[in-house]
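Structure assessment
Here is how the chains run, residue by residue.
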Amino acid sequence: SQTIHQWPATLVQPVGSPLSLECTVEGTSNPNLYWYRQAAGRGLQLLFYSVGIGQISSEVPQNLSASRPQDRQFILSSKKLLLSDSGFYLCAWRGLTDTQYFGPGTRLTVL
Amino acid sequence: AQSVTQLDSQVPVFEEAPVELRCNYSSSVSVYLFWYVQYPNQGLQLLLKYLSGSTLVKGINGFEAEFNKSQTSFHLRKPSVHISDTAEYFCAVSGGGYNKLIFGAGTRLAVHP
């Protein structure tokens with residue numbers, strides 16, 4: 001069966017520091033992968049999606065970037081964090097019939 | 001372009017009462033429809049989905065949803081809720097291009113004893 005992992009689970013970082021969040025999927029090959037963010041009390045915002053290795057599409061201009069160095073690995077990065085980058089970050093992969101399956105999330109607090 | 005409207009941002013209900021969470025969508029093409037649940041500090045979990053066929057879809061945890069094409073709605077129902085159903089519920093529609101899902105803003109269900 002397929003599983004999706006995210007780490008770290010929680011992260012507290014100072015403003016201006018770099019960021020790297022990792023997402024890996026097991027049990028499937030060449031999945032579409034997605035990064036979402038939930039700001040406090042807000043809905044889901046799609047940040048990036050990827051249809052294959054090295055292929056990244058950005059949904060909104062921002063302080064973040066994404067990379068897909070391996071088939072089942074998706075990384076979210078920033079060179080310098082802003083206070084507004086705080087939130088709950090979710091990774092998802094697409095299964096059959098457009099169904100998306102989500103990871104457990106990473107809670108990022110920027111101080 | 002597709003869009004999803006969840007008509008209630010918060011729904012308070014007493015334990016063992018029935019509940020309906022409303023979702024309307026707009027689309028010019030056939031779509032797939034989904035309901036997800038999110039418990040505090042967790043990822044989203046798929047409750048149920050409509051692909052085709054019977055308009056009444058049954059999901060996990062006793063939830064069901066009815067697809068109504070003429071009213072472009074996909075309301076979620078449960079005949080008797082439990083305290084443990086307290087969570088955020090998201091309605092979503094496919095067709096956003098590159099297999100993306102379009103999510104509603106979410107409905108916070110609060111079940112009180």
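Basis of the calculations
- Residues numbered from 1 in each chain as written.
- Chains lettered and ligands numbered in written order.
- Predicted model: local features only at pLDDT ≥ 70, side-chain atom pairs only at ≥ 80, totals over all residues.
- Heavy atoms only, no water.
- pLDDT = per-residue confidence, 0-100.
- Helix = DSSP H or I, 4+ residues; strand = E, 2+ residues; numbered from the N terminus.
- Salt bridge = Lys/Arg side-chain N within 4 Å of Asp/Glu carboxyl O.
- Buried < 20%, exposed > 50% of the residue type's maximum accessible area, 1.4 Å probe, protein only.
- Contact = heavy atoms within 4.5 Å.
- Polar contact = N/O pair within 3.5 Å; in protein donor to acceptor, adjacent residues only side chain to side chain.
- Nonpolar A, V, L, I, M, F, W, Y, C, P; charged D, E, K, R; others polar.
- Disulfide = S-S within 2.5 Å.
- Pairing = 2+ DSSP bridges.
- Axes fitted to C-alpha atoms, helices over the stretch in contact; angles between N-to-C directions.
- Core = buried A, V, L, I, M, F, W, Y, C linked by side-chain atoms within 4.5 Å.
- Phe/Tyr/Trp six-rings, centres within 6.5 Å; stacked < 30°, edge-to-face > 60°.

Before going further, it helps to spend a moment on the confidence of the model for chain B. For chain B, mean pLDDT is 93; residues scoring 70 or higher make up 97% of the total. Mean pLDDT across the elements of chain B ranges from a minimum in strand β11 (residues 101-103) of chain B, with 90, to a maximum in strand β3 (residues 19-21) of chain B, with 98.

Another point: the pattern of salt bridges. Residues and elements named next belong to chain B. This structure, assessed with the given rule, holds 10 salt bridges over all chains. One salt bridge connects Glu64 with Lys58, and the closest N-O pair in it is separated by 2.9 Å. Residue Glu64 is classed as partly exposed on the basis of its relative accessible area, which comes to 22%. Connected through shared salt-bridge partners, Glu20, Glu66 and Arg77 make up one network.

What follows deals with the interface of chain A and chain B. Taken together, the contact pairs 23 residues of chain A with 20 residues of chain B. Where chain A packs against chain B, one counts 1 salt bridge. As a salt-bridge pair, Lys100 of chain B and Glu59 of chain A come within 3.1 Å of each other at their nearest N and O atoms. Seen at the junction of chain A and chain B, the total is 5 residue pairs in polar contact (both at pLDDT 80 or more). Counting only elements with at least two residues in the side of chain A that touches chain B, the list comes to β4 (33-38), β5 (44-52), β9 (87-94) and β10 (100-102) of chain A. No other element matches the 4 residues that β5 of chain A contributes to the side of chain A that touches chain B. Residue classes in the side of chain A that touches chain B are distributed as 12 nonpolar, 7 polar and 4 charged.

What follows covers the state of the cysteines. Disulfides are covalent bonds that link the sulfur atoms of two cysteine residues. Residue and element names in this part refer to chain B. Under the definition given, this model contains 2 disulfides over all chains. Paired through a disulfide, Cys23 and Cys91 show a sulfur-sulfur distance of 2.0 Å. On the S-S bond that ties Cys23 to Cys91, the torsion sits near -70 degrees, and the link is left-handed. Residue Cys23 is located in strand β4 (residues 23-26), and its partner Cys91 is located in strand β10 (residues 87-94); the two are separated by 68 residues in the primary sequence.

As a further point, take the sheet that holds strand β8 (residues 73-78) of chain A. Two modes of strand pairing occur in sheets, parallel and antiparallel, and in both the strands are linked by backbone hydrogen bonds. All names here are of chain A. Taken in spatial order, the 4 strands make up an open sheet running β1-β3-β8-β7, and their pairing is antiparallel. One side of each edge strand has no neighbouring strand; the edge strands of this open sheet are β1 (3-7) and β7 (65-70). Taken over all neighbouring pairs, the strand axes of this sheet differ in orientation by 20 degrees on average, direction set aside.

A few words on the side chain of Gln13 of chain A. All names here are of chain A. Along the polypeptide, Gln13 turns up in strand β2 (residues 10-13). The class for Gln13 is buried, based on a relative accessible area of 19%. Polar side-chain contacts of Gln13 include one of 3.0 Å to the backbone oxygen of Pro18. Not counting residues within four places of it along the chain, the set of residues in contact with Gln13 comprises Pro18, Leu81, Leu108, Thr109, Val110 and Leu111.

Membership of the largest hydrophobic core comes to 28 residues, with the highest contact counts inside it found for Trp35, Leu48, Leu76 and Tyr89 of chain B. At 4 residues, β10 of chain B tops the list of elements feeding residues into this core. Val25, Leu33, Leu47 and Phe74 of chain A belong to the second largest nonpolar core, which has 19 residues in total.

To continue, consider the environment of Val111 of chain B. Relative to the helices and strands, Val111 of chain B is located in strand β12 (residues 107-112). For the pair Val111 of chain B and Phe14 of chain B, spaced 97 residues apart in sequence, the C-alpha to C-alpha distance is 5.4 Å.

Time to look at the packing of aromatic side chains. A full pass over the atoms with the stated rule returns 13 aromatic pairs over all chains. On the basis of an interplanar angle of 80 degrees and a centroid distance of 5.5 Å, the ring pair of Phe102 of chain A and Tyr36 of chain B is categorised as edge-to-face. Here Phe102 of chain A, found in strand β10, pairs with Tyr36 of chain B, found in strand β5 (residues 33-38), and the two come from separate chains. On the accessibility criterion, Tyr36 of chain B (0% relative accessible area) is buried. A centroid spacing of 6.3 Å and a plane angle of 25 degrees characterise the contact between Tyr25 of chain B and Phe67 of chain B, whose relative ring orientation is stacked. Placement of Tyr25 of chain B in strand β4 and of Phe67 of chain B in strand β8 (residues 64-68) is noted, with a sequence separation of 42 residues between them. Taking the relative accessible area as the measure of exposure, Tyr25 of chain B reaches 8% and is therefore buried. Classification of Phe67 of chain B by relative accessible area gives buried; the value is 13%. Members of the aromatic cluster, connected to one another through ring pairs, are Tyr34, Tyr36, Tyr49 and Phe102 of chain A together with Phe34, Tyr36 and Phe103 of chain B.

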